[in-house]
Amino acid sequence: MAERLLFPKDFLWGAATASYQIEGAYDEGGKGESIWDRFSHTSGKIVNGDTGDVACDHYHRYAEDVELMKELGMQGYRFSIAWPRIYPSGKGAVNKAGLEFYSRLVDRLLDAEIIPFVTLYHWDLPQALQEIGGWANRDVAYYFRDYAATVGQALGDRVHHWITHNEPWVTAVLGHGSGIHAPGLEDWPTAVRVAHYLLLSHGEATRALR
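Owing to the predicted nature of the structure, the values given are computational and were not obtained by experimental measurement.

Chemist: Got a sec to walk through the sheet that holds strand E2 (residues 76-80)? Specific residues and values, please.
Modeler: Through backbone hydrogen bonds, the strands of a sheet pair up, either in parallel or in antiparallel fashion. Read from one edge of the open sheet, four strands run E1-E2-E3-E4, paired in parallel fashion. Edge positions in the sheet fall to strand E1 (14-16) and strand E4 (162-165), since each has one partner strand and no second. On average, each strand axis in the sheet is tilted by 15° relative to the strand beside it, whichever way the strands run. Relative to E4, strand E3 (residues 115-121) runs parallel, the two being bridged by three bridges. Bridging from a neighbouring strand, Thr119 pairs with Ile163 of E4.

Chemist: Describe in detail the pairing of E3, supporting the description with residues and values.
Modeler: Among the seven residues in E3, five count as buried, and that is most of the element. As defined by bridge partners, E2 adjoins E3 across five bridges and the pair is classed as parallel. Residue Tyr77 lies in a different strand from E3, and its bridge partner there is Pro116.

Chemist: Tell me about the packing of helix H5 (residues 96-111) against helix H7 (residues 139-155), and name the residues and values.
Modeler: With their axes 10 Å apart at the nearest point, H5 and H7 run at an angle of 45° to one another. In this view, H5 runs oblique relative to H7, as classed from their interaxial angle. You can see that H5 and H7 cross each other, and the crossing is right-handed. Residues Leu99, Tyr102, Ser103 and Val106 of H5 form the contact with H7, whose participating residues are Thr150, Val151, Ala154 and Leu155. Residues of the contact of H5 with H7, tallied by class, amount to six nonpolar, two polar and no charged.

Chemist: Just give me the short version of the pattern of salt bridges, but keep the residues and values in it.
Modeler: The tally for this structure, following the rule as stated, stands at 11 salt bridges. Arg38 is the partner of Glu33 in a salt bridge, and the nearest nitrogen-oxygen pair spans 2.8 Å. The partner of Glu204 in a salt bridge is Arg207, and the shortest N-O contact between them spans 3.0 Å. Taken together, the residues span about one helical turn, with Glu204 and Arg207 both in helix H9 (residues 188-209) at a distance of three residues. Glu204 gets classed as buried once you look at its relative accessible area, which sits at 12%. A single salt-bridge network, built from bridges that share partners, covers Arg145, Asp146, Glu204 and Arg207.

The rules behind the values
Residues numbered from 1 in each chain as written. Predicted model: local features only at pLDDT ≥ 70, side-chain atom pairs only at ≥ 80, totals over all residues. Heavy atoms only, no water. Pairing = 2+ DSSP bridges. Helix = DSSP H or I, 4+ residues; strand = E, 2+ residues; numbered from the N terminus. Axes fitted to C-alpha atoms, helices over the stretch in contact; angles between N-to-C directions. Buried < 20%, exposed > 50% of the residue type's maximum accessible area, 1.4 Å probe, protein only. Parallel < 35°, antiparallel > 145°, perpendicular 65-115°, else oblique. Left-handed = near helix turned anticlockwise from the far one by under 90°. Contact = heavy atoms within 4.5 Å. Nonpolar A, V, L, I, M, F, W, Y, C, P; charged D, E, K, R; others polar. Salt bridge = Lys/Arg side-chain N within 4 Å of Asp/Glu carboxyl O.

By themselves these figures say nothing about function.
And the structure:
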């Protein structure tokens, strides 16, 4: 007889998504352009010319999506916040409509007794920051800190589980070394510099959240 696999009592069953992969509404609600918007709209970069312009339309269907999560019996949900939905230019004026969207999502999750886990960066850097060097520019680490502080202030009364970066290796190596992910650069010295500044941004954001 096969051995029965037991999970700890505090194990949470859930699912995870990324903003660009599910939200759609790429140019709605005051959102700015991201590097994945630019990359996917660049001819020859994506098979079939597919984009995340609509994706799962989660931006409009989030209430229905949370109901589906509840029906599935999910206890936790990890989602990412689109930085350009909060700061269309990566810094400067805050887009309140963006914060309100994620606030409504968090409230829906809590009403459904689903614990929110928030990822601050899942690869969709504001294109405006890419124009000044992106993650290869040390200043972007501090803009990320400010973005983290803004989101933390808005959601921190209800969200208690935070992730700074999803797979920073992908951002550095696939985005800046091999070039198969946004922003599509093929420059290994830049990839190494990006890795360093991503770690710096993680430390700065963690301090800001705490």
